[in-house]
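Residue-level structural notes
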Amino acid sequence: MVFTTSNVFLQVLVEAGITHAFVNLGSDHPALLEAFAQRKQDGLKGLEIVTCPNEMVALSCAQGYAQATGKPAAVIVHVDCGTQALAGAVHNVSTCRTPVFIYAGASPFTQDNELAGSRNEFIHYLQNAVDQPQILRQYMRHTAEIRTGKNVQQVVLRALQYAKSEPQGPVYCWAMREITEEHLDPQGVPDVRVNEVWSEIEKSPLNKKTVETIATALATAKKPLIVTSYVGRNPGAVTQLIKLVETLAIPVFSSCPSYVNIAFDHISHSGVSFGQNNPLVEEADVILILDSDVPWVPMHTHPSKSAKIYHIDCDPLKERMAFHAFPSLIRAKADAELALEQMNDFLASTTSLVTPSIISSRLASLKSQKQSLESALNKLEQVPADNILTAPYIVAALRKASPSKTTILNEAISNYPHVWNHTIPSGPGKLFTSGASSLGWALGAAIGVSLAGKVDKEQERDLLAVVVGDGSFVFGVPSASYWIARRYETPFLTIVLNNGGWKSPKLSLLGVHPNGLASKTSAQDLNVSFGPDAPDYGGIAAAAGGAWAKKVLKVDELDGALKEAIRVVREEKRCALLDCWLERF
């Protein structure tokens, strides 16, 4: 038996708690393939290898897994080419602050058989990049080269410390082929106390003065408001948020959300926006920005100059953004759950701050706002008179037809708000988005979320549904995604909101040149249309992964198609796709 760096590498991943590796293998991985075979022969378990025919899909799978579990998965790719093929998913995991361990081999550095793994193929010259990690270094929390098997454990564990410390995110390790083939003595592998001394950085609370200042401001304000985007990534923080807003009767607004931050049927839930004008922000006299990248868009929403604004975030300076400027009297880098718990404890010990008459007035305002919001949304769900499908109607039908333990992955882009509003998610884990802007996340992420349910029974779902635009669907590399879903038994329902192309570029155009020449130009002439002959999305899913598929053109076809699609996913355990045609733009 040959025992190499690669054997130790895989074992330390397992010992560090990595359960899944999403892989796309190549000429830099002979030692890794040997190690896979050796682990299987020796009966070693704990690491499920998921073959992914596309690297971006692999990383999207890992993102979905981490979003569902809060724990990192591994992604293994091939030299500089596979690193580049991770594509926009690199942006997604970085921007969404998702912990992922990425590993790539690198071209051999010897050519005359001086060492095991020396160059023996022509591609080893072509793939010998000058600075391979530079391809994605600006998106990584940490990059590291594995230079010997003798300390591979420490290199991997240090990378995982970065991935799991706030602000969380992806890390990248790489090794040249000779290093992966380095022969080691199994008895000489040091005990590095994997689960004892390699913890991530402890999460930070607020200092006492900040707790008192923000809690007092929220308690005594006339119109307080909490704006958040991703506090829901930690269910414990949502519990503390609900306690706070129920004590003080404060509205919670989800701006550009990536997680469910508060149940949408909760009285304090006050709406969703993706950059549109927000009157609640403009009317508020105290605003707490809590874990949010874009609490509002300054061109469209203008807080009062007299408003007291505070910002608590795991990443308040937005370290990966070249420019970010929102006003804040106090800007605190702290864990949302700890910070909210501190404020709840302070309010419980300072009951004089909570005036019953003020709380009663706020509660009445919340009820009025909630009634108005629900009334407006209910109108959008009414049966369209012209029999043409609308996004609100489709999503409402999906909500009504779905079992209670349903999770939805939303990559509907121009229809983002409709999916949030008409799903009415009831708590954390019920709806996710990529938390970023590179399209193609949802199909792979669905596989990762599904796999999460196989390792954690609390993550099991009766139905997993993906709602995407037709443009997002194409970006998701469906030929790879549906193959993986069938191969690893991770069935999901896909709803394609098919408006005939990429509507978002047209909307961006109208936002800048509302009366310009292009505003009167057809989507076809603007080169954002998939017409006149649209792809057969159902046919693609069927060919790649045996999916059941149906094209839905009219309102009266939807309910029956939904019922059958859900049955296929739940009973036949295979993917289903509904190609739902919206009005063309």
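Above: the structure in question.
Anyway, here's the lowdown on the structure attached to this text.

Quick word on the pairing of strand 3 (residues 73-77)
Most of strand 3 is tucked away: five of the five residues are buried. Residues Ala73, Val75 and Val77 of strand 3 are buried on one face, and the alternating residues Ala74 and Ile76, pointing to the opposite face, are buried as well. Examined bridge by bridge, strand 1 (residues 20-23) and strand 3 share three bridges and lie parallel to one another. Residue pairing in the sheet places phenylalanine 22 in a bridge with valine 75 of strand 3. With five bridges connecting them, strand 3 and strand 4 (residues 100-106) associate as parallel partners. Opposite valine 77, over in strand 4, you have alanine 104 as the bridge partner.

Quick word on the sheet that holds strand 15 (residues 463-469)
Pairing within the open sheet is parallel, and its six strands lie in the order 14-13-15-16-18-17. The open sheet has two edge strands, strand 14 (431-432) and strand 17 (548-552), and neither has a second partner. As paired elements, strand 15 and strand 16 (residues 493-498) share five bridges and run parallel to each other. Paired with glycine 469 across the bridge in strand 16 is leucine 497. Against the sheet, helix 15 (residues 416-423) touches strand 13 (406-411), strand 14 and strand 15, its axis set at about 165° to strand 13.

Description of helix 15
Within helix 15, seven of the eight residues are buried, which leaves the element mostly enclosed by the surrounding structure. Along helix 15, the residues classified as buried are Tyr416, Pro417, Val419, Trp420, Asn421, His422 and Thr423. Those residues of helix 15 that are buried are in contact with strand 9 (269-273), helix 13 (356-380), helix 14 (391-401), strand 13, strand 14 and strand 15. Immediately downstream of helix 15, the backbone of isoleucine 424 shows phi near 55°, a positive value.

Observations regarding the nonpolar core
Counting residues in each nonpolar core, the largest one holds 59 residues, and the members touching the most others are Phe22, Leu59, Val75, Leu409, Tyr482 and Phe492. If we skip the residues at most four places from it in the chain, leucine 59 touches Val75, Leu86, Ala89, Val90, Val93, Val100 and Ile102.

Some points on the sheet that holds strand 7 (residues 224-228)
The strand order across the open sheet built from six strands is 9-8-7-10-11-12, with neighbouring strands paired in parallel fashion. Of all strands in the sheet, those bounded by a partner on one side alone are strand 9 and strand 12 (330-333). Across the sheet, the mean angle separating the axes of adjacent strands is 15° when strand polarity is ignored.

Considerations on the packing of aromatic side chains
All chains considered together, the criterion is met by twelve aromatic pairs. Ring centres of phenylalanine 9 and phenylalanine 101 lie 6.1 Å apart, and the angle between their planes is 40°; this geometry places the pair in the tilted category. One end of the pair, phenylalanine 9, is in helix 1 (residues 5-15); the other, phenylalanine 101, is in strand 4, with 92 residues separating them in the sequence. You can call phenylalanine 9 buried: its relative accessible area is 3%. Chaining the aromatic ring pairs together yields one cluster made of Phe473, Tyr482, Phe492 and Tyr537. Residue placement shows arginine 487 over the ring face of tyrosine 488; its charged tip is 4.5 Å from the ring centre. Seen from the ring of tryptophan 581, arginine 584 lies directly overhead, with NZ or CZ sitting 4.0 Å from the centre.

What about the pattern of salt bridges?
Using the criterion set out here, one finds 17 salt bridges in the structure. A salt bridge links aspartate 313 to lysine 318, with the shortest nitrogen-to-oxygen separation between them at 2.7 Å. Its relative accessible area of 1% is what places lysine 318 among the buried residues. A salt bridge links glutamate 571 to arginine 567; its shortest N-O distance comes to 3.4 Å. Residue glutamate 571 and its partner arginine 567 are both found in helix 21 (residues 558-572); the two are separated by four residues, about one turn of the helix. Glutamate 571 gets classed as exposed once you look at its relative accessible area, which sits at 56%. Among the charged side chains, a network of salt bridges with common partners joins Arg97, Asp293, Asp313, Asp315 and Lys318.

What counts and what doesn't
- Residues numbered from 1 in each chain as written.
- Predicted model: local features only at pLDDT ≥ 70, side-chain atom pairs only at ≥ 80, totals over all residues.
- Heavy atoms only, no water.
- Buried < 20%, exposed > 50% of the residue type's maximum accessible area, 1.4 Å probe, protein only.
- Helix = DSSP H or I, 4+ residues; strand = E, 2+ residues; numbered from the N terminus.
- Pairing = 2+ DSSP bridges.
- Contact = heavy atoms within 4.5 Å.
- Axes fitted to C-alpha atoms, helices over the stretch in contact; angles between N-to-C directions.
- Core = buried A, V, L, I, M, F, W, Y, C linked by side-chain atoms within 4.5 Å.
- Phe/Tyr/Trp six-rings, centres within 6.5 Å; stacked < 30°, edge-to-face > 60°.
- Lys NZ or Arg CZ within 6 Å of the ring centre and 35° of its normal.
- Salt bridge = Lys/Arg side-chain N within 4 Å of Asp/Glu carboxyl O.

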